[in-house]
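Inside the fold
Spelled out from the first residue to the last, the chains are:
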Amino acid sequence: MKSVLSFIPFLILLASPITLSAQQEVNYDESKVPNLILPDLFVDFQGNRITTAEAWESKRRPELLGLFAEHVYGKLPTDFDEQIFEVGEIDNHLHAGYANLKTVNITVIRNSKSQDIRLKIYFPKTGKGPFPVFLLISHRDVEEITGNPENQFFPVQQIVSRGYAAAIFDVEDVSPDDKARFTEGILDTLYPEQLALSDGMRGLSAWAWGAMRAMDYFEIDEAIDSKRATVVGHSRGGKAALWCGANDTRWAITVSNESGCGGAALSRRKFGETVARINTTFPYWFTDNFKKYNGLEENLPLDQHQLIASIAPRAVYVASAMEDKWADPKGEYLSLKLGSRVYSEIYQVPITLPDQYNYSLHTLHQKSVGYHLREGAHDLTGYDWGKILEFADLQFD
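Residues numbered from 1 in each chain as written. Predicted model: local features only at pLDDT ≥ 70, side-chain atom pairs only at ≥ 80, totals over all residues. Heavy atoms only, no water.

1. Details of the environment of leucine 190
Which entries qualify depends on this criterion: A run of H or I in DSSP counts as a helix once it spans at least four residues, and a run of E counts as a strand once it spans at least two, with each numbered from the N terminus. What makes two residues a contact is simply this: any of their non-hydrogen atoms within 4.5 Å.
Relative to the elements of secondary structure, leucine 190 occurs in the loop between helix H4 (186-189) and helix H5 (203-218). For leucine 190 and isoleucine 159, which are 31 residues apart along the polypeptide, the C-alpha to C-alpha distance reads 34 Å. Setting aside residues up to four positions removed in sequence, leucine 190 forms contacts with Val108, Arg110, Lys113, Ser114, Gln115 and Trp209.

2. Re the side chain of arginine 269
Formally: Each residue is assigned to one of three classes by its accessible area relative to the maximum for its type, calculated with a 1.4 Å probe on protein chains only: buried under 20%, partly exposed between the two thresholds, exposed over 50%.
Residue position: arginine 269 is located in the loop between strand S9 (253-257) and helix H7 (275-281). Arginine 269 gets classed as buried once you look at its relative accessible area, which sits at 1%.

3. Some details on the pairing of strand S12 (residues 369-374)
The following threshold applies: The pairing criterion is simple: DSSP has to find at least two bridges between the two strands.
For S12, the tally of buried residues reaches six of six residues, placing the bulk of the element in the interior. By the alternation rule, side chains of S12 split into Val369, Tyr371 and Leu373 and Gly370, His372 and Arg374, which are all buried. With six bridges connecting them, strand S10 (residues 315-321) and S12 associate as parallel partners. Counted as the bridge partner of valine 316 is valine 369 from S12. Alignment of strand S11 (residues 362-365) against S12, held across four bridges, turns out to be antiparallel. By the bridge assignment for S12, histidine 362 is matched with leucine 373. Hairpin geometry of S11 and S12 is characterised by an intervening segment of three residues between the two adjacent antiparallel strands and by a positive phi of about 85 degrees at serine 368.

4. Some details on the pairing of strand S7 (residues 165-170)
Here S7 lies mainly inside the structure; six of its six residues are buried. Residues Ala165, Ala167 and Phe169 of S7 are buried on one face, and the alternating residues Ala166, Ile168 and Asp170, pointing to the opposite face, are buried as well. Alignment of strand S6 (residues 131-138) against S7, held across six bridges, turns out to be parallel. When the bridges of S7 are listed, leucine 136 appears paired with isoleucine 168.

5. Structural notes on unusual backbone geometry
Of the consecutive residues glycine 129 and proline 130, the connecting peptide bond is found in the cis state with omega at 5 degrees. Looking at the element boundaries, proline 130 is found in the loop between strand S5 (113-124) and S6. Residue proline 313 follows alanine 312 across a cis peptide bond; omega there is 10 degrees. Its place among the elements puts proline 313 in the loop between helix H8 (304-309) and S10. Within the chain, serine 112 stands out as a residue other than glycine whose phi angle is a positive 70 degrees. Mapping serine 112 onto the fold places it in the loop between strand S4 (99-110) and S5.

6. Comments concerning the nonpolar core
Let me state the cut-off plainly: In this text, buried Ala, Val, Leu, Ile, Met, Phe, Trp, Tyr and Cys residues form a nonpolar core when linked through side-chain atoms within 4.5 Å.
Leu119, Ile121, Trp209 and Phe218 are the most contacted members of the largest nonpolar core, which has 94 residues in total. Looking at this core element by element, the count peaks at 11 residues for H5. Aside from chain neighbours lying at most four places away, what touches phenylalanine 218 is Leu119, Ile121, Val133, Leu135, Ala167, Ile224, Ser226 and Trp251. Counting 29 residues, the second-largest nonpolar core is a separate cluster that includes Leu101, Val142, Ala166 and Phe396.

7. Here's the deal with the packing of aromatic side chains
Heads up, the rule is: When the centres of two rings from Phe, Tyr and Trp lie within 6.5 Å, Trp using its six-membered ring, the rings pair. Their planes under 30 degrees apart give stacked, over 60 give edge-to-face, and anything left gives tilted.
Going through the model one piece at a time under the given rule, you end up with 23 aromatic pairs. On the numbers, 5.4 Å between centres and 65 degrees between planes, the contact of phenylalanine 85 with tyrosine 217 is edge-to-face. With phenylalanine 85 in strand S3 (residues 82-90) and tyrosine 217 in helix H5, this residue pair connects regions lying 132 residues apart in the sequence. Accessibility expressed as a relative area gives 23% for phenylalanine 85, which makes it partly exposed. According to the relative accessible area criterion, tyrosine 217 is buried, its value standing at 4%.

8. Quick word on helix H1 (residues 53-73)
Just so we agree on the cut-off: Multiplying 1.5 Å by the residue count of a helix minus one yields the expected span of that helix. Fitting one axis to the seven residues ending at a residue and another to the seven starting there, the bend at that residue is the angle between the two axes.
The terminal C-alpha atoms of H1 lie 25 Å apart, and with 21 residues this falls more than 12% below the ideal 30 Å at 1.5 Å per residue. Helix geometry: H1 is bent most strongly at arginine 60, by close to 35 degrees, with proline proline 62 lying one to four residues after it. Backbone geometry just after H1 places glycine 74 at a positive phi near 85 degrees.

9. Side note on the environment of cysteine 244
For cysteine 244, the position within the fold is in helix H6 (residues 236-247). With a relative accessible area of 0%, cysteine 244 lands in the buried category. For the pair cysteine 244 and proline 329, spaced 85 residues apart in the sequence, the C-alpha separation amounts to 21 Å.

10. So, the sheet that holds S4
The criterion, for reference: Angular values range over 0 to 180 degrees, each being the angle between N-to-C directions of two axes fitted as lines to C-alpha atoms, with helices fitted over their stretch in contact.
Pairing is mixed in the open sheet, where 10 strands are placed in the order S3-S4-S5-S7-S6-S8-S9-S10-S12-S11. In the strand order of this sheet, the two ends are held by S3 and S11, each with one partner. The average angle at which neighbouring strand axes cross in this sheet is 20 degrees, direction not considered. Most of the contacts of helix H9 (residues 329-339) go to S10, to which it runs at about 165 degrees, and overall it touches S10, S11 and S12. In this fold helix H11 (residues 382-396) packs onto S6, strand S8 (224-234), S9, S10, S11 and S12, with an angle of close to 160 degrees to the strand it touches most, S12.

As structure tokens, then:
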């Protein structure tokens, strides 16, 4: 069952049929965005309307996660035989003036094969733990990032100075961000059977899996308050963070920074990066089934507002940048606004997000839901982190 979004006037735009060949030209023209007819958040597979938290959590949310696993991200297996944590403390490091550094080697064993994930955690030197923690899913080289105190992609000082622990792992350890090597991690060693499945695990699900293993460690470290943990991702990492936060209810906050197509942005808008574009350039991120929707986003049985909704009632944050039209800032915001209906209509959390999208610098922070649009291009910056930290402060106050 589908619903036409006539209750948000600016969503109804001129219809413009778009074929796969037309998709090869990037659309940045709002007048060419198709009419948005989106799958209903609240109607289950049997046609019943979901109105209670119990029905949402036991029925509708699992349905939605199943749809996303089948059609977009692939399965997210979590079975393994053993998990071992080897913990070390490093005294001499570049952030030693304001942070204590702990390294954790996470070894996961399944069917007599093992995979290691290297986790770095920076703790505030002042204050009393246990500390709330941010985990960044990084598709950039972690040693390079943490080896530069001025780096703003993962600004250790900014995070720990606010009383948070700052954790990071490199997706290279679970599934390299490379279409020729993406299986050289948990897909070859732990879950090779997934590669034969059209809805099997691929890169983004593997990255989400890695974040979940970090959370396993957070739960046993007495210096970390795992009940106040936030998973963060930028761009492709933001796609993985949303998928992680939707599946793993242990995260208090899920943060998507400029995640675009296959992340926070509505696929049916066909604005900026599209399903065809992303599946052509990065065929290893999503399940094979997702390729059936190249140029045919209107045939998807879901859209990204339903992924954001699946994170409820835990908090979700979406960030965009004005010059990052490739990621479709308006589509990211609309997805958040529509997905936030679960917070207000199912969990009775007051949410007041404007109907009209504001393409100027602005911030919207509320209990459970947050958004900001900053100046500049596609990146994760100190400004973004500042807004994310402010939102976390509000949630944990």
